[in-house]
Structure formats: C-alpha cells, structure tokens
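# Residue-level structural notes
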Amino acid sequence: MTDAMTLLLAVVVGYGLGSVPFGLIFTRLAGKGDIRDIGSGNIGATNVLRAGSKLLALATLLADAAKGFIAVALIWRLGNDHASFLSGLAAFAGHIFPIWLNFKGGKGVAVFIGVLLMLSPLPGLVFLLVWLLSALAFRRSSLAAIIAMLVAPLCVAFLGEYNALPYVVLMVGLSLYAHRDNIARLRAGTEPKIGQA
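Let me begin by describing the structure that accompanies this report. (Residues numbered from 1 in each chain as written. Predicted model: local features only at pLDDT ≥ 70, side-chain atom pairs only at ≥ 80, totals over all residues. Heavy atoms only, no water.)

### Thoughts on the packing of helix H5 (residues 81-96) against helix H9 (residues 165-178)
Orientation of H5 relative to H9, taken along the N-to-C sense of each, is 5 degrees, at an axis distance of 10 Å. Between H5 and H9, the angle is such that the two are roughly parallel. Residues His82, Phe85, Leu86, Gly88, Leu89, Phe92 and Ile96 of H5 form the contact with H9, whose participating residues are Tyr167, Leu170, Met171, Leu174, Ser175 and Ala178. Split by residue class, the contact of H5 with H9 holds 10 nonpolar, 3 polar and no charged. (Axes fitted to C-alpha atoms, helices over the stretch in contact; angles between N-to-C directions. Helix = DSSP H or I, 4+ residues; strand = E, 2+ residues; numbered from the N terminus. Parallel < 35°, antiparallel > 145°, perpendicular 65-115°, else oblique. Contact = heavy atoms within 4.5 Å. Nonpolar A, V, L, I, M, F, W, Y, C, P; charged D, E, K, R; others polar.)

Shown next, in the form of structure tokens:
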C-alpha cells in the first residue's frame, strides 16, 4: 500500500469511527430521548450524566475513548507512525464535527484520552490524573478538561515525542474551540457543576 493510500485510509477509518455518536445512541436506546435536548445539548459523557444515568455516562465515556484508541491502533498495524497519528486526529475531528449530526458533535475529551493512551500512554495517564484532580477540586468538567488538555502537549514535549506533538497540539486547539461556550460561561461564573443541569 502506498503512503498516500495509507494516509487516505487513516482519515477514512479515523473519521468514520470518531463520528459514531455513542452518547446519542445509548440515551435513545435507554429511552432517555434525544441527548441534544438535554442540558448543554452535547453528545458527550458529561451531558449524558445530566440525563440521569451514571451507567450510560460511563458507557459513553468508555465508548468514545475506544473510538480514538481503536482508530490509532488499526492504522498503527500498517507500520506508519504519521498515518496512525493522522487517524487519531481524524477520529477526534469526527467526534467534534460528525457528518451525521450536521457537524455538531461533542468536545472530544474522551476521544482525546483514547488517542493519547494509544499514541503515548504516559501523557495519557497524566491527562487522566490532572483531569480527575481538577474535577475534584473545581467540580466543573469543562474546566478540568481544559486544564488537562493544556498539560498534555507539555508532557508529550517533555518526553521528546516530537512526531506526535503536532497532532496533539491540533487536537488541543480543536477542543478549546469546541469549549468556547464553556470558556465564556466559566469567565461569567455560570458554568454548571458536574451532574448539575
């Protein structure tokens, strides 16, 4: 397979996996209605939690993380590092901009975790630790995600994993863009706490 074909396959596989809206699917199957009509209208795990089901929220978190992990792992088997990084980026973009939902998806945090754990496990674990500690301290999922997102590329750079760094930085930038409304609410002091409608 040529490099060009590998890169194309990486984008198609990554975007295809990333664009599967598990939060929407799980809540509909559970009879909770359309998750986009609840809370923030987001399809991610935090908003699924607002639908009143910790189990569905956990399932969404794990499934969304798996999208990113599998997207990278599948292409990694072809032996092309940059293609696997690109597949992870495509999965991340597919979650935020899914074609099936008029390009209005989630914030990409869980997918980022999955991609990072496959690309570079140590920064992935650091991300999880920073997110957890920030969530416990501030009780706001968006703030915890933003803090952890900003730490992740620093950790990747510190470890000298420079091939992965541009892709990680792009994902952080996309997620910060997706969090723009959350950032505005955080500045205004109106961002809801975890589990709050």
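What follows continues from the structure just given.
### Describing the layout of surface pockets
Taken as a whole, the largest pocket spans an internal volume of roughly 810 Å³. Considering the residues around the largest pocket, the lining is formed by 37 residues, among which Ala45, Thr46, Leu61, Trp131 and Ser141 are closest to the centre. Elements represented by at least two residues in the lining of the largest pocket include exactly helix H3 (45-50), helix H4 (54-76), helix H6 (109-119), helix H7 (121-138), helix H8 (141-158) and helix H10 (180-188). Per-element accounting of the lining of the largest pocket gives the leading share, 7 residues, to H4. Looking at the lining of the largest pocket residue by residue, the class counts come to 17 nonpolar, 12 polar and 8 charged. Its volume calculated, the second largest pocket comes out at about 400 Å³. In terms of lining residues, the second largest pocket is bounded by 18 residues, among which Asn42, Lys104, Gly105, Lys107 and Ala178 are the most central. With 4 residues, H10 is the largest single contributor of residues to the lining of the second largest pocket. (1 Å grid on protein atoms, 1.4 Å probe; cavity = no way out; pocket = protein on both sides within 12 Å on 5 of 7 lines; lining within 4 Å. Points joined across faces, edges and corners; volume = space filled by probe spheres on them.)

### Here we look at helix H1 (residues 3-18)
Over its 16 residues, H1 extends 22 Å from the first C-alpha to the last, a length consistent with the 22 Å expected when each residue adds 1.5 Å. For H1, the complete set of buried residues consists of Thr6, Ala10, Gly14 and Gly18. End-on, the buried residues of H1 take up no more than an arc of 80 degrees, which puts them together on one face. Turned more than 90 degrees away from the buried face of H1 sit Ala4, Leu8 and Val12, all of them exposed. For H1, the secondary structure elements touched by its buried residues are H4 and H5. (Expected span 1.5 Å × (residues − 1). Buried < 20%, exposed > 50% of the residue type's maximum accessible area, 1.4 Å probe, protein only. Arc of directions from axis to C-beta.)

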